[in-house]
Every structure is written in C-alpha cells, then in structure tokens.
Amino acid sequence: MIETVQDLQDMARGAVLLGTGGGGDPYVGELFVSEQIKRGKLPKVVSPESLDDDAFVLSIAGIGAPTVIVEQLVSEKTLLRLLARAEAFYGRRVDALISAEIGGANSVFPLALSAISGVPVVDADGIGRAVPQLEMTTFSIYGIKATPCLLMDDVGNVVVVDAVNDRTAEDLCRSVVTAMGSMAFSAIYPMSGRQVRECAVLGSLTLSQGIGRAIRVGRDRADGDPFASLLAYLRQQDGRVARILFDGKVTDVLHETRDGWHFGLVTLQDLRDDKDQFTIEIRNEFIVARHNGEPATMVPDLISVLDRESAEPLTGEMLTYGQRVKVLGFAADPMLRRPESLEVLGPRLFGIDSDFIPIEDLAAKIEAADMVSAH
Amino acid sequence: MGSGPIRLGIDVGGTNTDAVLMQGRDVLATTKTFTTADVKDGVIAAVRTLLAMHGGARSTIEAVMIGTTQFVNAFVQRRDLSPVAAIRVGLPAGDGVPPFSGWPDDALAAVDGRHYLVGGGSFYNGKDYAPLDEDAIAAAAVDAAKSGITAFALSASFAPIRPDLETRAAAIVAATVPDARITLSSEVGGIGILDRENAAIINASLSDLATRVVGSLRQAFADLGVTAPIYISQNDGTLISTEVAQRLPILTCSAGPTNSIRGAAFLSGLDDAIVADIGGTTTDIGFLRGGFPRETTAPNTIGGVRTNFRMPDVLSIGVGGGSLVVPTEGGADVGPRSVGYRLPQEARVFGGDTLTATDIAVRAGQGGIGEAARVADLDPAFVEAALASIHGQIADAIDQIKVSATAQPLILVGGGNILVSRAIKGASEVIRPQHGEVANAVGAAIALVSGRVDKLYDFAGLGREAALDQARDDAIVAAVTAGASRDEIEIVDLIELPMTHMKSGLVQVKVRAVGPLAAFV
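Please read all numbers here as calculations on a predicted model, not as lab measurements.

Each value, and the rule that gives it
Residues numbered from 1 in each chain as written. Chains lettered and ligands numbered in written order. Predicted model: local features only at pLDDT ≥ 70, side-chain atom pairs only at ≥ 80, totals over all residues. Heavy atoms only, no water. 1 Å grid on protein atoms, 1.4 Å probe; cavity = no way out; pocket = protein on both sides within 12 Å on 5 of 7 lines; lining within 4 Å. Points joined across faces, edges and corners; volume = space filled by probe spheres on them. Helix = DSSP H or I, 4+ residues; strand = E, 2+ residues; numbered from the N terminus. Nonpolar A, V, L, I, M, F, W, Y, C, P; charged D, E, K, R; others polar. Contact = heavy atoms within 4.5 Å. Domains from an automatic or database assignment. Buried area = accessible area lost by both parts, 1.4 Å probe. Salt bridge = Lys/Arg side-chain N within 4 Å of Asp/Glu carboxyl O. Polar contact = N/O pair within 3.5 Å; in protein donor to acceptor, adjacent residues only side chain to side chain.

1. Considerations on empty space enclosed by the protein
Over the atoms, a rolling probe the size of a water molecule traces out where space has been left empty.
Then step 1. Evaluation of the coordinates by the stated rule reveals three cavities of 30 Å³ or more.
Then step 2. Considered as a void within the structure, the largest cavity measures approximately 80 Å³ in volume.
Then step 3. Residue lining of the largest cavity: Q72(A), M152(A), D153(A), D154(A), V155(A), M180(A), M183(A), A184(A), F185(A), A93(B), F123(B) and Y129(B), and that is the complete set.
Then step 4. A per-element tally of the lining of the largest cavity places strand β7 (residues 183-192) of chain A first, with three residues.
Then step 5. Of the residues contributing to the lining of the largest cavity, the split by class is nine nonpolar, one polar and two charged.

2. A look at the environment of K145(A)
Residues and elements named next belong to chain A.
Then step 1. Tracing the backbone shows K145 in the loop between α6 (138-141) and β5 (149-152).
Then step 2. The spacing of K145 and Y189 is 44 residues in sequence and 5.9 Å in space, taken between C-alpha atoms.
Then step 3. Apart from residues no more than four positions distant in its own chain, K145 is found in contact with D162, A163, V164, D166, Y189 and P190.

3. A look at the domain arrangement of chain A
Residues and elements named next belong to chain A.
Then step 1. Each domain of chain A was delimited in the assignment, giving domain 1 (5-202) and domain 2 (240-374).
Then step 2. Distance between the C-alpha centres of domain 1 and domain 2: 27 Å.
Then step 3. Between domain 1 and domain 2, the contact holds 27 residues from the first and 28 residues from the second.
Then step 4. The junction of domain 1 with domain 2 conceals about 2300 Å² of combined surface from both sides, 66% of it contributed by carbon and sulfur atoms.
Then step 5. When the buried surface of domain 1 facing domain 2 is broken down by residue, L17, R129 and Y142 rank first, second and third, together holding 26% of it.
Then step 6. For the pair domain 1 and domain 2, the number of links is one salt bridge.
Then step 7. Across the pair E312 and R13 runs a salt bridge, and its minimum N-O distance is 3.5 Å.
Then step 8. Summed over the shared surface of domain 1 and domain 2, the number is 10 residue pairs in polar contact (both at pLDDT 80 or more).

4. Points about the environment of Q277(A)
Residue and element names in this part refer to chain A.
Then step 1. If you trace the backbone, Q277 turns up in strand β11 (residues 277-283).
Then step 2. Put simply, Q277 and V46 are 231 residues apart on the chain and 44 Å apart in space, counted from C-alpha to C-alpha.
Then step 3. Residues within four places of Q277 in sequence aside, it is in contact with F246, T267, L268, Q269, R290, H291 and N292.

5. Observations concerning unusual backbone geometry
Residue and element names in this part refer to chain A.
Then step 1. Cis peptide bonds are those with omega within 30 degrees of zero, and the linkage from T147 to P148 qualifies with 5°.
Then step 2. With respect to the secondary-structure elements, P148 resides in the loop between α6 and β5.
Then step 3. For the bond running from V299 to P300, omega is 10°, close enough to zero to count as cis.
Then step 4. Mapping P300 onto the fold places it in the loop between β13 (294-298) and β14 (302-307).
Then step 5. Even without glycine at this site, N292 takes up a positive phi of about 50°.

Given below as structure tokens:
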C-alpha cells in the first residue's frame, strides 16, 4: 500500500485533511518514513480482517507540542526501545500497530515504527479524524482502555500511567509529557484483533491515502480541478456527504491559548460580496463552521480548509490573512454519529450550545432558505 | 536638483546589471548593462557610465547598495557549490530524521550530503537534555577534513534559544580545521530545526562563491576609487554589510524580486498595488502591501529544499522581451522559450532572425527601440494575436495570485515593460513610472536596515506585555547592530505563536524592526 515516497505523501496529505485543522503537521514523521522508503524499508499495512481475534495490537502515538516536535524530531532508537519496553511490560509480542488518530501527525508514527521494526500497521484508527482528547476516541467510547500505557522520551525516561478512566489518563499523560520536555512517545491502548474490528474506525489509511491521491491526480489532469476529483472520491465512502461549504478569502484569524488548548476564530469573506461571511471556530481542531451565522457543519463531522487552487489541505496554524481557500464539509464516519459517540464528542462537549446536526440536514436547511430568498 | 548624500544602487541580475544614482528622492542617473562572468566587470562598466552621465565626483557617493541573484541562481542551478559537512547537535533525539532528509537527489549530490549526528541539545525551556559531545564534534570535523571539506553547517535542537550550543561546537570545529567556514543554524533561521538546518547547509555550500563574488564587488569599487561603505540587499529588502553577506549569502537569495517591488513602490508613490516586473525571459508578478512585498506564508523552497525564509509571494510566467513568438493556426504563441540575454543579437529589430515579443511590441508601435523597418512585414492580424496572448497571460497570472476581487493599480517595471500597451483585466489602471526599467536598482538604493528575532518568550513568567517589550527590544538592538538609526526604527511585524498542547506559557514571537541607515539620517 505504501511502496513509494509518493504513496506516503498522498497519505500524509489526506491525514492533514482528516486532521480538520489540528492533529499536528505530519511532515516530520513523513520525512522519517521517506528516508526509510529510500533505503528500501517499507512500512507494512494489513487489513483488520486479517488479524486473529486474540492478536495483540497496540497504538504508538506522539504526544506533545508541535513547536517541540519540529526541534527534537523523531528518534529511531526511541521508537524501537519503546516497542521493546512495551512488549516486556505487557508480556506479549506486538502483532500489529494501530494509529490512535489518523488526522495529523499520529497517522505516520505507527508507519515509522513499522518500517524499522517490520511489525505491520492495521488499516484502521481510533477516530477517523483528529480530536483534542484521549477519551474522545472510538477506542475509549467503545470500551478499550487507554491505560496501562507507557510514555518514553528520547533520553530514556519511561513512565507507566494506569488511570481510573481515560479522561484522567489524558491529564496524567500531559503532566508527565510536560516534565519530559513537552514531547514523548506513548505505547497506548493495548487491544485484541477482535477489539480492533469492533471499536476502531476501519479503512482509515486507505481513506487517507485515497484523499491525497484524488487531490494529486486532480491537479495533474489537463482540466486540473482537484476539488472535483476530491469530492467524487469522498462521495464514494459509504454515501458520506461531502460538499464545498464556502469559497473565499481569509479576512481575520484570532489565535489564543487557554490551558494549553489552541482556541481561534477564522473569518472568511466571499471574493465578490463582502456581506457574505463565513466563520470557523477552532478548538485545536475546526469544530463548527457557520455561513452568515447559520451552522453549515459541526463536530464530529469534518471541516477542512484547502488552498483554493491546489486543494492542499491547511492546518489552523497555517491560516493567515489574505489566503484564498475553499472550506470542505465531510460527514464523519457513521460510528462517530451514534448516540454513545455523540455523548463524548458532540458539539456541546466543545462548548457549543447545540445538539449535533448532520451536514446533510444543515445543507438541506441552507438550500431551503436559498429557495425562499430566491422567490 | 536636491542636495545631500548620494547613494549608488546596483542590481546584479542573471542577465542585466542595472545601476542608479540617487540623491534623497531624486533619481540622478540610470544605466543598464550586461552581467559579466566576473560580476566586477559589469559593475565597473555600469558605474563608469553613471558617473560620466552625472558628471559628479565619485567622492560624493556616500553609500553603495547592491542587490544580487548570483547566490540563489548558483544553488538553483547546482553550480559553484562547496561540499558541506552538516553536524547536528541533537542525540539522543532526532536520529530518525537526519540532516538532508527530504533533499532532491541532485542537490544532495551537488553538496556531497555528508552528515554527523552528535550528542547534546536543549529542551524548549533552555535546559540541556544531554551534554555536548565535544569529542564527537572534533572527530566529525577531522573526518570531514580528510575528504577535503572545509564548509560546515552546524545545528542544534532549540538553538534559537540556546545559540551557545552551536557556538561551542563551532569553536571545536574551528580549532580542528583551521580554514573551516562555518554556518550556524541559529544565524539563518528560527524555530523548526529542519528548515533552519537546510538554510545553514545551503549557506555553507555558497561560502566559496560568496567569498569570490563579494570580494570581486569590493575590488570593483576599489578599482573605481569609490570608498563609500558597501551594503548588500537581503530578502526583506533591507541591507546587510558585505562582511555579513560574505558569511551569510543565503540572506540575499530573494532580494531580486523584493527590490523590484520596493523600487516600483518608490517610483510610483503607491503603497498598495500589483507589480509586474517584465524581464527578458519572465514576468514576475507580486503584490505591494503597505509599501512592502506581500510575503508567502507556507514554507518556502530554494532549489527544491525547504527553508523557513519568508519570501515575497511572486508568480513567474514565461513571458518577457526575449520570448519566442511562434505562429499557430490562426494565432500566435508567446513564450515560455526565450532568447534571454541574446536578445540584442537575435531579435529582428536588432538585426537578428528570431521573432521575439520585443519585435511584436515594436511593430505595434509600443516602443521605439531597434529598427522598426525590420518588422514592418509582420501581418497586423498576427501581431494582434501575439499581443492578445501577452496581455492574456499576464492578466491570468494576476488573477491567479490576487487575494481580492477589487481591481488594483498595476505598476509595470523592468526592461520589457513595452510589451504591455493596453488595459489588463483586474487592474484599475496601468502605471509606468519613470525609471521603471531599473526599479530593482532603485529598490536597492532606497533600502532600510532591519533586525529580526524569532524566539520563545516566557509569557507566564514575564507577563505578555513585558515579554513582547523584551522581544521588541531584542529586534531593535539587532537593527541598531546592523547599522540602523536607533531613533527612527519602527516595528513592522510582530507575530505571536502560542505553544499549543502544553501548559508551558512559552510563546514563539517573531519581530522585525526596520529603520534607515544611521549615515542617512
């Protein structure tokens, strides 16, 4: 599945789109894997169906501040040592690795370890997008505990966290990682092959790579519309709705940090009509998009901002005044829209005073309103 | 004519060397000549012409400002590069992403791509996570020197807040390899070790060429008897000394487009406009916002290598005075192939046999250069089709990089500006300022001096206001050190980037302070 640097670049591009503004830039991990691919060491990807029921599967995730990752990068030795320590700790050989979060940087770290260790990565993840907290993954929601987990830094410190619940695990891990210099790798969410099939979002690597490939192929075609190619691909995914919510330029970006979270508000304007406004609220990820005040897409459905010409997906931190962009709305994986999921990652959990309304219902409302105003 | 100090602005491009003499806001004389293999000869010719035109003494020149694309062209074309040894202080961190990760193969081959990872490095809070491995640094230097390498790029994790890690490593390399030329990553970039390290490596690869070119420029002025201080334009359109340029040539790599946009602003008196610089081979389109070029926000690449330099957001298209014009079925194609610097020999109006965009412009009566009689035979319908192609390509490019639908004035500069004769879609008016053909030399002549910081500041400990004041002061001190007049310095950029995901209270702050040269206040 990932045999060339281009395959990997496609996957990373898709991971930024699925990161829905957050999740961290996969660039550093992507370079790690590219270097391995150039040396002929390919990451191996296996399907969830191929796992034995009692196979031992583990997540490998980077936890930390983006500012630190871009300075300290990723160590081969640390990843290999973490795998060895995890096998000793859990008392089992790891049969497969899994991404906790396909959106952003943590899509590539399991691939990095796979390339250097030979342990395969399952084509699945714990959320199908990016989320700010551990307890919001489908692993946590559907009954896999994040802990006991191992946290390891490059110097060799190892901390075991065994928390009463995943909400607490989140807080404990962050405190430990801050003491480790704000960057560490974790071996987390020990699970069985059967649990992967029951609790993970399946086919995430395929989806991510397919998104990146659709954008690239669309650009390279003579008629060159990457958006047409991207939308056509997204709409093949279990009938999940995908639509361009807005086309315009960024007129304002507010960023602030509260309690270690990135809050922000992005304002966009139509290129021709400055009355036509669009806003996106950020809480690490893009959480709600509103067109002239009316919600157009909300969490857990995905909101992505893409360069208007190249369809390159952009993270929240990359947005600045004057950029010309298109905003994409994409229905979340059906698993995220079940009631038990919405209880943990619905809009209210992000401080938005609304129940979850799916993108397709919001689109129907907007169309109905347009019909009325047209008369 | 005004009085006061006279400045000499020069732009040494790939094809042309342009020069201008300025006094205050007045342009006293301009000239355009060809760039020579040893840049000195072209510069001497240009300056002699200017002085003859102005009739003034060379002793009245108080400062010389030079913009040059020599260094960026050399790296992009992979020529005249020195082999580089990259030494990164970082272990045990980062071994999975060594120096040169992500480099194109030809760039890697051109600079040899030898790297060493050694122990040491800092956490984000400035504390060491590992001791500096001095023996490993010395061993790396010895090993590189054995293969004849004398250009070194040193990097260290969190060097922007712990530059001492790199200076200590540099002292060891210098003691081991006496003729080493060393670039520190903290001198050429901010947070983000890969981009910063790449910039250091590119810089080190240019160190031989920089010694030669800057030495040659200095020699040119010594030969001319001009004793005024010489400054070189850097990427943001501000000046650095020849000593700094010789040591850090990478700081000059996008000065060309910046100078032409700044020059266009000065000559037109506008602060916000679209600028098209039409040269021999390409037209470079950029935006002027608040008197400075609009810069790109995404990471930039130089010759296929990612760096964290901010560059003017410029779109180049293959239309220029030397563009080949080829008949097609019922129309004409213009560019992207060009006769380039051979225009004065090959264009029809100059006695050659190649039909170029310049010939079309002359046939259409847009410019009185060369012999119009030599293109009188061109069919008007064909000329019309070629003109439509030229204007259409420029209009499309403008539309592609515009960020607003509002029409803005278009300033035309560069030697090829005669190609445009009519209204351009998306432009409210077309302005052709006097002396626009040497706008880049004017941009060099009017340049200011800047100071920058890009560091993590402790907002939690100091409070936001005090931390920002500290950052502003650091940038002002940097500007004064570079030669700016302290009282005239303005803060032109201040960007705060909070360290997300952690409760650390540290914020990355980027500040740029700009002011006029103390000598000209």
